[in-house]
Amino acid sequence: GAVVSQHPSWVICKSGTSVKIECRSLDFQATTMFWYRQFPKQSLMLMATSNEGSKATYEQGVEKDKFLINHASLTLSTLTVTSAHPEDSSFYICSARSGAPFGNQPQHFGDGTRLSIL
Amino acid sequence: DAKTTQPTSMDCAEGRAANLPCNHSTISGNEYVYWYRQIHSQGPQYIIHGLKNNETNEMASLIITEDRKSSTLILPHATLRDTAVYYCIVRLAYGQNFVFGPGTRLSVLP
């Protein structure tokens, strides 16, 4: 159980393009979803947290107009990187958890999306 | 900043137990300890979590000291597929978020 599917797993696109990444919880209801970014040889950095039906909460330094997050249902969240540039190239990973927002349920992670902007 | 400290790297012989330590000396009474691992180019995989009692599941055991200032993740019979970066995380009190530190790079050697 607790499977999180992320799509696409790999995308290459031209500078200026907008890219949408989907994150789905397949066998549980994700009351909270998270988006992380990971640069090579570094650890995961949280970008934003979203509760179903609410606006996402972005971490300091993350541009909300550039990284649009939608969590419209209990099984789906999307991250759209708008007008992507080479510096946005990274490994983007989503996670999801069930239960109350401040409960102790673990997060379950997708397999990530490797984004390369040319 | 992460609230945990872990060794940068460890080696373990295949078939032997891998014991991964984690220090979380500033942990609060209602904060859980979570362990994840990340194999190269994949998302982190949940392993186990606990509050104060020792926990065991099909993957690993979690031993938390009585004062809760440190814990140890035990992989009882390490295999080559257990080679990964292991993260020990204490979730922020009254928050939802995990803060990932650099973790421990475990290499299981044949």
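Here the structure is a predicted model, which means the values were calculated and not measured. (Residues numbered from 1 in each chain as written. Chains lettered and ligands numbered in written order. Predicted model: local features only at pLDDT ≥ 70, side-chain atom pairs only at ≥ 80, totals over all residues. Heavy atoms only, no water.)

Considerations on the state of the cysteines
All names here are of chain A. By the definition in use, this model includes two disulfides over all chains. The disulfide that involves C23 links it to C94, with 2.0 Å between the sulfurs. Residues C23 and C94 share a disulfide whose torsion about the S-S bond is about 80°; that sign makes it right-handed. With a gap of 71 residues between them, C23 in strand β3 (residues 19-25) and C94 in strand β9 (residues 90-97) connect regions that are remote in the sequence. (Disulfide = S-S within 2.5 Å. Helix = DSSP H or I, 4+ residues; strand = E, 2+ residues; numbered from the N terminus.)

Looking at the layout of surface pockets
A water-sized probe rolled over the atoms picks out the places where empty space is left. Empty space within the largest pocket amounts to approximately 550 Å³. Lining the largest pocket are 21 residues, with Q38(A), K41(A), Q42(A), V85(B) and R105(B) positioned closest to its centre. Residue contributions to the lining of the largest pocket peak at three residues, all from strand β8 (residues 84-90) of chain B. Along the lines of polarity and charge, the residues of the lining of the largest pocket split into eight nonpolar, 10 polar and three charged. (1 Å grid on protein atoms, 1.4 Å probe; cavity = no way out; pocket = protein on both sides within 12 Å on 5 of 7 lines; lining within 4 Å. Points joined across faces, edges and corners; volume = space filled by probe spheres on them. Nonpolar A, V, L, I, M, F, W, Y, C, P; charged D, E, K, R; others polar.)

Describing the packing of aromatic side chains
Inspection of every chain in the model, using the stated rule, returns 12 aromatic pairs over all chains. Where F109(A) meets Y36(B), the ring centres are 5.4 Å apart and the plane angle is 85°; that geometry is what we call edge-to-face. Placement of F109(A) in strand β10 (residues 108-109) and of Y36(B) in strand β3 (residues 33-38) is noted, with the two residues assigned to different chains. Accessibility assignment for this pair places F109(A) and Y36(B) in one class, buried. Seen in terms of ring centroids, Y36(B) and Y46(B) are 5.7 Å apart; in terms of plane orientation they differ by 65°. Their pairing is edge-to-face. (Phe/Tyr/Trp six-rings, centres within 6.5 Å; stacked < 30°, edge-to-face > 60°. Buried < 20%, exposed > 50% of the residue type's maximum accessible area, 1.4 Å probe, protein only.)

Details of the interface of chain B and chain A
The interface of chain B with chain A comprises 20 residues on the first partner and 25 residues on the second. Both faces combined, the contact of chain B with chain A buries some 1700 Å², and carbon together with sulfur accounts for 50% of it. At the junction of chain B with chain A, the criterion picks out zero salt bridges. Counting across the chain B and chain A interface gives six residue pairs in polar contact (both at pLDDT 80 or more). Those elements that provide at least two residues to the side of chain B that touches chain A are β3 and β4 (45-50) of chain B. With three residues, β3(B) is the largest single contributor of residues to the side of chain B that touches chain A. Split into classes, the residues belonging to the side of chain B that touches chain A amount to 10 nonpolar, nine polar and one charged. (Contact = heavy atoms within 4.5 Å. Buried area = accessible area lost by both parts, 1.4 Å probe. Salt bridge = Lys/Arg side-chain N within 4 Å of Asp/Glu carboxyl O. Polar contact = N/O pair within 3.5 Å; in protein donor to acceptor, adjacent residues only side chain to side chain.)

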